[in-house]
Amino acid sequence: MTATTPTCGWDQAVFRCGRCGTAHTATTETDYLKAVGVHGDAHAVWDRLNPIERDGLASILRTILSAPELAAELLALADRQPAGGEGR
């Protein structure tokens, strides 16, 4: 390869969902495939929920994603709870 020969490959790819219109841009094939898979999984989960569950999940995710420390503490708390979930 010479200094003037362009590198083969692609620099980015855009995935646009036909269901919701969301667009994801990826710079590697691995990231692209991950984005497509995760987005498809998100639709599968969302489709299983009723409107009340959707509102609740969205509210919980907004709270947890805005505070990573809270998410870590909630997971730790969940790991310490007995199977019934009633322990203190």
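Before reading on, note that the structure itself is shown above.
Let me sum up the structure you'll find in this document.

### Some points on the pairing of strand 1 (residues 13-16)
Alignment of strand 1 against strand 2 (residues 23-26), held across four bridges, turns out to be antiparallel. Note that in strand 2 the partner of V14 across the bridge is T25. Between the end of strand 1 and the start of strand 2, which pair antiparallel, lie six residues, with G21 showing a positive phi angle near 85°.

### Observations concerning the packing of aromatic side chains
Tallying each qualifying case throughout the model produces one aromatic pair. Measuring from ring centre to ring centre gives 6.5 Å for F15 and Y32, while their planes differ by 85°; the resulting arrangement is edge-to-face. One end of the pair, F15, is in strand 1; the other, Y32, is in helix 1 (residues 29-48), and 17 residues separate them in sequence.

### Some words on a nonpolar patch on the surface
Taken together, the side chains of L70, L74 and L77 make up a nonpolar region of the molecular surface, amounting to roughly 220 Å² of accessible area. The residue L77 is located in helix 3 (residues 68-80) in this model. Take L77: its relative accessible area is 39%, and that puts it in the partly exposed class.

### A short note on the side chain of H43
When you line up the elements, H43 lands in helix 1. Apart from residues lying up to four places away in sequence, H43 is in contact with C17, R19 and C20.

### Points about the state of the cysteines
Covalent bonding between the sulfur atoms of two cysteines defines a disulfide. Evaluation of the coordinates by the stated rule reveals zero disulfides. There is no disulfide at C17, and the cysteine sulfur nearest it, in C20, is 3.8 Å away. Of the residues examined, C17 reaches a relative accessible area of 8% and is grouped as buried. The partly exposed category is assigned to C20, whose relative accessible area is 42%.

Procedures and definitions
Residues numbered from 1 in each chain as written. Predicted model: local features only at pLDDT ≥ 70, side-chain atom pairs only at ≥ 80, totals over all residues. Heavy atoms only, no water. Pairing = 2+ DSSP bridges. Helix = DSSP H or I, 4+ residues; strand = E, 2+ residues; numbered from the N terminus. Phe/Tyr/Trp six-rings, centres within 6.5 Å; stacked < 30°, edge-to-face > 60°. Patch = residues over 30% accessible without salt bridge, like charges linked within 9 Å, V, L, I, M, F, W, Y side chains within 5 Å. Areas by Shrake-Rupley, 256 points an atom, 1.4 Å probe, with all protein chains shown as cover. Salt bridge = Lys/Arg side-chain N within 4 Å of Asp/Glu carboxyl O. Buried < 20%, exposed > 50% of the residue type's maximum accessible area, 1.4 Å probe, protein only. Contact = heavy atoms within 4.5 Å. Disulfide = S-S within 2.5 Å.

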